[in-house]
Amino acid sequence: MDMDLGMDDMNASAKHPRNDRMLTVDQLRQRVLDQEIDTVVLAFTDMQGRLQGKLNHAQFFLDAILDEGAEGCNYLLAVDTEMNTPAGYAISSWEAGYGDMSFDMDLDTIRLMPHNPGQVMIQCDLVGHDGQPIPMSPRAMLRRQLERAKDMGFTMMTGTELEFCVYNTSYEDAWDSDYRNLEPANKYNVDYNLLGSQRVEPLLREIRNAMYAAGMTVENAKGECNFGQHEIAFRFDDGMVTADNHVVYKLSSKQIAHQQGKSITFMAKPNDREGSSCHIHMSLRGLDGEMVFWDRETGTRTAVYEQFIAGVLKGMRELAIFYAPNINSYKRFVRGSFAPTAVAWGVDNRSCAVRLVGSGSSARMENRLPGGDVNPYLALSAMLASGLYGIENKLELEPMMEGNAYESDAPVVPSTMREARNLLESSTLARELFGSDVVDHYVHYADVELAAFDSAITDWELRRGFERL
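An unreviewed UniProt entry lists the chain under the name Glutamine synthetase I, with Kocuria rhizophila given as the organism. The record held by UniProt for the chain lists under Sequence similarities (unreviewed entry) the comment "Belongs to the glutamine synthetase family."

1. Notes on the domain arrangement of the chain
As assigned here, the chain comprises domain 1 (25-133) and domain 2 (145-462). Computed over C-alpha atoms, the centres of domain 1 and domain 2 are 26 Å apart. Across the contact, 23 residues belong to domain 1 and 24 residues belong to domain 2. Taken together, both faces of the contact between domain 1 and domain 2 bury some 2,000 Å²; the carbon and sulfur share is 57%. Summed over the shared surface of domain 1 and domain 2, the number is zero salt bridges. Run the count over domain 1 and domain 2 and you get 12 residue pairs in polar contact (both at pLDDT 80 or more).

2. Points about a nonpolar patch on the surface
On the surface, Ile-457, Leu-462 and Phe-466 cluster together into a nonpolar patch covering about 380 Å² of accessible area. Along the chain, Leu-462 turns up in helix α15 (residues 459-465). The exposure class of Leu-462 is partly exposed, given its relative accessible area of 43%.

3. Comments concerning the packing of helix α4 (residues 138-151) against helix α8 (residues 239-259)
One way to put it is that α4 packs onto α8 with a least axis distance of 10 Å and a crossing angle of 160°. Taken together, the axis directions place α4 and α8 in an arrangement best described as roughly antiparallel. The chirality of how α4 crosses α8 is right-handed. Here Arg-139, Leu-142, Arg-143 and Leu-146 of α4 come into contact with α8, specifically with Gly-239, Met-240, Ala-243 and Asp-244. Taken together, the residues of the contact of α4 with α8 break down into four nonpolar, one polar and three charged.

The rules we used
- Residues numbered from 1 in each chain as written.
- Predicted model: local features only at pLDDT ≥ 70, side-chain atom pairs only at ≥ 80, totals over all residues.
- Heavy atoms only, no water.
- UniProt positions renumbered as here; feature names shortened; annotations may be inferred.
- Domains from an automatic or database assignment.
- Contact = heavy atoms within 4.5 Å.
- Buried area = accessible area lost by both parts, 1.4 Å probe.
- Salt bridge = Lys/Arg side-chain N within 4 Å of Asp/Glu carboxyl O.
- Polar contact = N/O pair within 3.5 Å; in protein donor to acceptor, adjacent residues only side chain to side chain.
- Patch = residues over 30% accessible without salt bridge, like charges linked within 9 Å, V, L, I, M, F, W, Y side chains within 5 Å.
- Areas by Shrake-Rupley, 256 points an atom, 1.4 Å probe, with all protein chains shown as cover.
- Helix = DSSP H or I, 4+ residues; strand = E, 2+ residues; numbered from the N terminus.
- Buried < 20%, exposed > 50% of the residue type's maximum accessible area, 1.4 Å probe, protein only.
- Axes fitted to C-alpha atoms, helices over the stretch in contact; angles between N-to-C directions.
- Parallel < 35°, antiparallel > 145°, perpendicular 65-115°, else oblique.
- Left-handed = near helix turned anticlockwise from the far one by under 90°.
- Nonpolar A, V, L, I, M, F, W, Y, C, P; charged D, E, K, R; others polar.

If you want it as structure tokens, here you go:
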């Protein structure tokens, strides 16, 4: 995919969507003419990993927006979860006038949204008035690292395994009850349990089928450990395709749950039981698809593979904000919980942050650090950037972790967002990989979250102190 698509290139690019379930511009135009499509959603991913954008009348999109483009206020890359506009961001402020940024449509991403009849979505990059990508935009950060990999002769293949918890309580009722006494869709551990999965199958089936029609390759669904916890798996793909699919799936599954009077949360740790993970599987291939991580003749890992692993491990603590972007993310890192605490690697060892699986063409590393709340563009960017750093600098891979990494003396992942924030701010590696403007932007993102949390009165404080103190 090209870094920048000019208007003259759009129609040519759009003749080659990612698969035959996605649309070209000509196919979209015909469906609008046939009154099958009436709404075109222009969407981009914000810092929190959410899809933001506009719902456009389809005919107006074809008549005007397709050629003239669309804009949005640049504060959308400088807000908190509540959509407040905190001071301190370099790219957006009252002093800078809260200007606009342009939506650079990726016309390879025109997809049907079958759970929203008559609607298609197009995902966008964000560019400034100078026509250049906004560097702290999550999609731009990933695109930059993918281009860096290409310059080194590699492509990245990756898959994200995203877990979530389902409740028989609607989002509105959950809000009104202050998220107390929610009814989980399963009331016991349903890990691989077919009875438990079938209880939730009307929802899981609708999500699977809708995402297939939206252009994704759906593999399967399975139950998980927490009450009402499930996972739907999608086939690995190119890094940008995987990240784009991830955020569309996350938004769509919430919409489908809402339509059925239920709710889904992707919080990393929604309660005291098992958290929701987003394990990331990644491998490199050559530009022609050849194996890079495995030596077929010797049947062993290549030096490139080991250098890549060493780079990911080197950057894991300093780049933790990109893997664990919220206050709640760090509540998941509990010893013996299947969420990692040790920055170590092992072969098929789920107690390590990095687990190696597969051989031959399936050889890949699994990063077990991210939770269900992860922004996939940021996590994939961090993982790829640090892995490529390991290759460039021929880093030596430390010895493999044997046994229980929870009981080892290996370095540990940050236990709080404040620790991760300080590691990012002081990281020369992060500034080398992403630039100081990007690092400072996400350090301030962490500062905003920490300040909001520090000023909040929690249920824990009330329960402990209201009467007894």
